[in-house]
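Observations on the three-dimensional arrangement
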Amino acid sequence: MPQSIEARLAALGVTLPVAPKPVATYVPFVLDGEHLIVSGQLPFGPDAKLILTGKLGANLSVEQGAACARLSAINILAQAKAALGDLERIRQLLKITAFVACTPEFTQHPAVVNGASDFLGEVLGERGRHTRSSVGAPSLPLDTPIEIEALFSFA
């Protein structure tokens, strides 16, 4: 029998936080038919504060950006659990869209976003194989280095 999503999270030492509240006027997720759309998630730590601020290519390394992407993915799963009640209802992660705050010369967006993609693949297994876009941005809300949104199908 395959390992549950919760068991994979526990094996990685990850406890999902309470789903972060929106920082502006929007909802954190929308359920539509068999789709769950999760609003852009930031790398908020357990204390509800950003773990890092700044830009890739300026004051942050690719490794720091990837760590932020991983934490944003953890917050995506927290929102999914809040929306669905049980992560086992996830049929497939269809797509993530990542925005990377960076300097104009920075071109390693894929390496940064791999922090989220690798984590989601490890936790969700085959259900975590997804399409994605990664886009550079001159700035993001709260001076966050990354923001990631997600689209799931669920049962």
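Anything mentioned here points back to the structure above.
Reading the values: the criteria
- Sequence order as written defines residue numbering, which begins from 1 separately in each chain.
- Since the coordinates come from a predicted model, pLDDT governs what is reported: local features require at least 70, and pairs of side-chain atoms require 80 or more to be given and counted, while whole-chain, interface and lining totals use all residues.
- Only hydrogens and water are set aside; all other atoms, that is, all heavy atoms of the structure, feed into the side-chain values.
- For the purposes of this entry, the term helix denotes a DSSP run of H or I that reaches at least four residues, the term strand denotes a run of E that reaches at least two, and both are numbered from the N terminus.
- In this scheme, a helix's expected span is set at 1.5 Å multiplied by one less than its residue total.
- Burial status follows relative accessibility: with a 1.4 Å probe on protein chains alone, a residue under 20% of its type maximum counts as buried, one over 50% as exposed, and anything between as partly exposed.
- Contacts are assigned to residue pairs with any non-hydrogen atoms lying within 4.5 Å of each other.
- The bend at a residue is defined as the angle formed between two axes, one fitted to the seven residues ending at that residue and one fitted to the seven starting there.

Remarks on helix α2 (residues 62-84)
The end-to-end C-alpha distance of α2, which contains 23 residues, comes to 32 Å, matching closely the 33 Å that a straight helix rising 1.5 Å per residue would cover. With 17 of its 23 residues buried, α2 lies for the most part within the structure. Where α2 ends, the next residue or the one after it, Gly-85, has phi of about 80°, a positive value.

So, the side chain of Thr-103
Residue position: Thr-103 is located in the loop between β3 (90-101) and α3 (109-124). Leave out the neighbours within four places in its chain, and Thr-103 touches Leu-56, Gly-57 and Ala-58.

Quick look at α3
When the terminal C-alpha atoms of α3 are compared, their 22 Å separation across 16 residues agrees well with the 22 Å that a helix rising 1.5 Å per residue should span. The axis of α3 is deflected most strongly, by about 35°, at Gly-115. On its buried face, α3 is in contact with α1 (5-11), α2, β3, β4 (131-137) and β5 (146-154).

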